[in-house]
Amino acid sequence: MNVSEMTDHDIYLFHEGTDYLSYQMLGAHLTELNGIRGVRFAVWAPNAKQISVVGDFNSWDSESNMMSYVENSTGLWSIFIPNVKEGDIYKYLIETHSGEMLYKSDPYAFSSELRPLSASKVANLNKYVWNDDEWRTKKTPVYEKPMNIYEIHLGSWKFNDKREALTYRELAEQLPQYVKEMGYTHIELMPIVEYPFDGSWGYQATGYYSVTSRYGSCEDFMYFIDKCHQADIGIILDWVPGHFCKDAHGLAKFDGSPLYEYGESWRAENYEWGTLNFDLGRCEVISFLTSNAHFWFDVYHIDGIRIDAVANMLYLNYAREDNWATNIHGGTENLEAISFLRRLNETIFKTFPEALVIAEDSTAWPLVTHPTYLGGLGFNFKWNMGWMNDMLEYMELEPINRKFHHKLITFSFMYAFSENYVLPLSHDEVVHGKRSLLDKMPGDYWQKFANLRAFYGYMMAHPGKKLLFMGGEFGQFIEWNYKDSLDWHLLEYDMHGKLHNYVKELNHFYLDSKPFWCYDHDWQGFNWIDCQDYSQSVIVFLRKGKEPKDFIIVICNFTPVVRENYRIGVPFAEYYEEAFNSDDVKYGGSGQTNGDKIIVESIPFHHQENSVSLVLPPLATIYLKPQLPLDEYDEESSSEEGIKVYKLKKGVKDTDALDEEESRDIDSAKTEEVAKKFKNIKMNLALHDLL
């Protein structure tokens, strides 16, 4: 990371709200002046009367290191202090115009003390030697690739032998390998910036540029990310640019007056969370936040951010029954927040074109994942909160009542391609009395697992990228508790172990199945076969790849009833194989399967010319794959391939070994092949029309 001097141009950009590298100018930077090593400190505090840097290096003396006001700036202060070194702790002592003395942490600090201490620490972020060049150079857009995210809270994923949370380096040796083996592509970390209260899970921060010291140092966290990249695992950070906590050492009334928060109390106060909202209309705050997002991509090599609580930013009246005002057009939209989000996304994608910027938006705001030049907000993915709410409501119903709520499992397909969606089963769904995913499921012990397997199978086949919170992969039975480790001992129990294996194999099936992800954003990748069998709580749909013959049929039975001779219409194939079945005994199911050769019958059904008869297992999702004739080959095949097929049937390895009669047979085979080509072309065109 470069350290820039405070030039007039930098100052101008910062005050204009377009300095996206402000972390190179502000904060504490190890540098050299006139041959003397030390630290240059710089801070923004326009309403301060005087500021001094205090710390162990000057015995916290307010008179030793008084900062100077930077000319041609609005509220910038700086000082070079010789002989201050890496690891030294410090704060800014700010004297306000009212005479109040405030001890404040550095908003741009790269490292901070562990709670309950609150001082900033001088850090050197240039020491770590990265080994992820291969990962960074081969990154490609994920729109037409699989994306399966494992969401995690670092402090409660797993404890060590001392019943303590794993450190960054301990996590680096365990988590990437586990995630890779389980078939995930990305890890999403709940906030890891410095925060004072463990119970906020990091969503109420004080040190936006400081990786939390709970689990180790800055270099330790870099090592963790590096190891993930070496295992081909991407890293997404939860990021909170909407609000911050009120702790006295943090950003709240930083120089004695509202600075990072809005000046109007009704806009500043976030009553729902007891926090303060960022003033997204102030240029210096925009520089602070946009630079912060850039910082994590630039310095820590992250691959994406998931922006928390976007709805709180977009609407002036969010979670407010009264005491709010409209915008200049008379609406409830926060025009400053809209402008900020668009500018933020434009900035990130300009420098990091393959970045993931994901919105957690619970509203129906249009065009969230559309480009800004088309009127969108500029994100490239959005959490599908509607799908999540509908499906959890549906799955919690007793199966006998599901037929009355069939729309809950079909409505999401009406808007599935209106945005680039991520299907989230996140930490928010397994806390605060909501119960774990497994415990939400109705029925007896066996049915709970069967329901969850069926749900996961449906989720994996539904258009959209995937996200599952830790513990869901093996059926954590109790709610998530940030103070304790996941219940890994449950893997010793048969049904939990089998569910764990099920999720692993389901994830890998997803990774290997292009129809499940290559058209996540387009109607070309989906067709209903039957969405109307509400009386039996069964749905059947098609997920399609880019090739006409590459598709998967998905059948979900959300009742505990085995349905014999259940007929569905299918596109042409010689036969179908049951490629995946959540009711397989190895997953803890009852073993109602259809085998690997399901015969296609010329019986029109579901607007298809052909159909198959199936056994639908109880509370299960099954996937069918088409199998075309063994001697079928593409219409672009050369005539030599006809010979190869013939030789394969004859068991002959060498053409020279054929006698005269067999040679004539080959000539005949060539002639038949030409005719077959035309037949294949017609068949493929018909198949394309059907799909």
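Residues numbered from 1 in each chain as written. Predicted model: local features only at pLDDT ≥ 70, side-chain atom pairs only at ≥ 80, totals over all residues. Heavy atoms only, no water.

**Looking at the overall build of the chain**
Inference 1: Helices and strands together make up the secondary structure of the chain, namely 15 helices and 30 strands.
Inference 2: Projected onto its principal axes, the C-alpha positions of the chain cover 105 × 65 × 60 Å.
Inference 3: Residue burial in the chain is summarised as follows: out of 691 residues, 58% are buried.
Inference 4: Contacts spanning at least 24 positions in sequence make up 71% of the contacts within the chain whose residues lie at least 6 apart.
Inference 5: Accessible surface, the chain: about 28400 Å² in total, of which carbon and sulfur atoms supply 50%.
Inference 6: Between the averaged position of the 64 positive side-chain charges in the chain and that of its 103 negative side-chain charges there is a distance of 3 Å. (Helix = DSSP H or I, 4+ residues; strand = E, 2+ residues; numbered from the N terminus. Buried < 20%, exposed > 50% of the residue type's maximum accessible area, 1.4 Å probe, protein only. Contact = heavy atoms within 4.5 Å. Areas by Shrake-Rupley, 256 points an atom, 1.4 Å probe, with all protein chains shown as cover. Lys, Arg positive; Asp, Glu negative; His and termini not counted. Charge placed at Lys NZ, Arg CZ, Asp CG, Glu CD.)

**Focus on the nonpolar core**
Inference 1: Counting 185 residues, the largest nonpolar core has Phe 41, Trp 157, Phe 221, Phe 224 and Tyr 300 as the members making the most contacts within it.
Inference 2: Ranked by the residues each element gives to this core, the list is headed by helix α6 (residues 283-300), at ten residues.
Inference 3: Those residues in contact with Trp 157 that sit more than four places away from it in its chain are Tyr 150, Ile 152, Leu 166, Leu 171, Gln 174, Leu 175, Tyr 178, Met 470, Ser 485, Leu 486 and Trp 488.
Inference 4: Counting residues in each nonpolar core, the second largest holds 20 residues, with Val 538, Val 570, Ile 622 and Leu 624 among its members. (Core = buried A, V, L, I, M, F, W, Y, C linked by side-chain atoms within 4.5 Å.)

**Overview of unusual backbone geometry**
Inference 1: Cis geometry marks the peptide bond from Arg 115 to Pro 116, where omega comes out at 10°.
Inference 2: Tracing the chain through its elements places Pro 116 in the loop between β8 (111-112) and β9 (120-121).
Inference 3: The phi dihedral of Arg 163 falls on the positive side, at around 60°, and the residue is not glycine.
Inference 4: Relative to the elements of secondary structure, Arg 163 occurs in the loop between β10 (148-152) and α3 (168-182).
Inference 5: The phi torsion at Asp 232 lies on the positive side, around 65°, for a residue other than glycine.
Inference 6: Looking at the element boundaries, Asp 232 is found in the loop between α4 (218-230) and β14 (234-239).
Inference 7: Using a relative accessible area of 32% as the deciding quantity, one classes Asp 232 as partly exposed.

**A closer look at the packing of helix α1 (residues 8-16) against α6**
Inference 1: Where α1 meets α6, the axes come as close as 6 Å, and the angle between the chain directions of the two elements is 100°. When the interaxial angle is binned, α1 and α6 end up roughly perpendicular. Taken together, the residues of α6 that come into contact with α1 (itself represented by Leu 13, Phe 14, His 15 and Glu 16) are Cys 283, Glu 284 and Ser 287.
Inference 2: In terms of residue class, the contact of α1 with α6 is built from three nonpolar, two polar and two charged. (Axes fitted to C-alpha atoms, helices over the stretch in contact; angles between N-to-C directions. Parallel < 35°, antiparallel > 145°, perpendicular 65-115°, else oblique. Nonpolar A, V, L, I, M, F, W, Y, C, P; charged D, E, K, R; others polar.)

**Describing the pairing of strand β22 (residues 465-469)**
Inference 1: β22 sits mainly inside the fold: five of its five residues count as buried.
Inference 2: What you see with β22 is no split at all: Lys 465, Leu 467 and Phe 469 on one side and Lys 466 and Leu 468 on the other are buried throughout.
Inference 3: Here four bridges tie β10 to β22, and the two strands are oriented parallel to one another. Bridge assignment links Asn 148 to a residue of β22, and that residue is Lys 466. (Pairing = 2+ DSSP bridges.)

**Observations regarding the pattern of salt bridges**
Inference 1: Across all of its chains, the model carries 28 salt bridges by this definition.
Inference 2: The partner of Glu 86 in a salt bridge is Lys 127, with the nearest N and O atoms 3.0 Å apart. One end of the pair, Glu 86, is in the loop between β5 (76-82) and β6 (89-96); the other, Lys 127, is in the loop between β9 and α2 (133-138), with 41 residues separating them in the sequence.
Inference 3: Residue classification places Lys 127 among the partly exposed positions, given a relative accessible area of 45%.
Inference 4: Connected through salt bridges with shared partners, the residues Glu 188, Asp 238, Arg 306, Asp 308 and Glu 360 form a single ionic network. (Salt bridge = Lys/Arg side-chain N within 4 Å of Asp/Glu carboxyl O.)

**As for the sheet that holds strand β28 (residues 598-599)**
Sheet strands pair by backbone hydrogen bonding; their relative direction is either parallel or antiparallel.
Inference 1: Read from one edge to the other, the open sheet built from six strands follows the order β23-β24-β25-β30-β27-β28, with strand pairing classed as antiparallel. Lying at the two open borders of the sheet, with one neighbouring strand each, are β23 (526-530) and β28.
Inference 2: On top of the sheet, helix α12 (residues 445-461) reaches β24 (538-544), β25 (551-557) and β30 (620-627); it is set at about 45° to β30, its chief contact.
Inference 3: Of the strands in this sheet, β25, β27 (575-581) and β30 touch helix α13 (residues 494-512), which is tilted by about 135° from β27.

**Looking at the packing of aromatic side chains**
Inference 1: Scanning all chains against the criterion turns up 64 aromatic pairs.
Inference 2: Seen from their ring centres, Phe 469 and Trp 480 are 5.3 Å apart, and the 75° between their planes marks the pair as edge-to-face. Residue Phe 469 is located in strand β22, and its partner Trp 480 is located in the loop between β22 and α13; the two are separated by eleven residues in the primary sequence. An identical accessibility class is assigned to Phe 469 and Trp 480; each is buried.
Inference 3: Over the ring of Trp 488 we find Lys 158; its NZ or CZ atom is 4.8 Å from the centre of that ring.
Inference 4: If you follow Arg 453 out to its NZ or CZ, it ends over the ring of Trp 446, 5.9 Å from the centre. (Phe/Tyr/Trp six-rings, centres within 6.5 Å; stacked < 30°, edge-to-face > 60°. Lys NZ or Arg CZ within 6 Å of the ring centre and 35° of its normal.)

**A look at the sheet that holds strand β15 (residues 243-244)**
Inference 1: Judged by pairing direction, the sheet is antiparallel, and its three strands sit side by side in the order β15-β17-β16 without closing on themselves. One side of each edge strand has no neighbouring strand; the edge strands of this open sheet are β15 and β16 (269-270).
Inference 2: Summarising the sheet, β15 and strand β17 (residues 275-277) pair through two bridges and their orientation is antiparallel. Directly across from Phe 244, in β17, lies its bridge partner Leu 276.

**Focus: the pairing of strand β13 (residues 207-211)**
Note on strand geometry: in a regular strand, side chains alternate between the two faces of the sheet.
Inference 1: For β13, the tally of buried residues reaches five of five residues, placing the bulk of the element in the interior.
Inference 2: Relative to β13, strand β12 (residues 193-194) runs antiparallel, the two sharing two bridges. Bridge pairing links Val 193 to Val 211 in β13.

**Some details on α1**
Inference 1: Residues Asp 10, Ile 11, Leu 13, Phe 14 and His 15 constitute the buried set of α1.
Inference 2: Gly 17 occupies a position one or two residues after α1 and carries a positive phi of about 85°.

**Thoughts on the environment of Ser 78**
Inference 1: Examined against the element boundaries, Ser 78 turns out to sit in strand β5.
Inference 2: Residue classification places Ser 78 among the partly exposed residues on the basis of a relative accessible area of 21%.
Inference 3: Spatially, the C-alpha atoms of Ser 78 and Met 67 are 5.3 Å apart, while their sequence positions differ by eleven residues.

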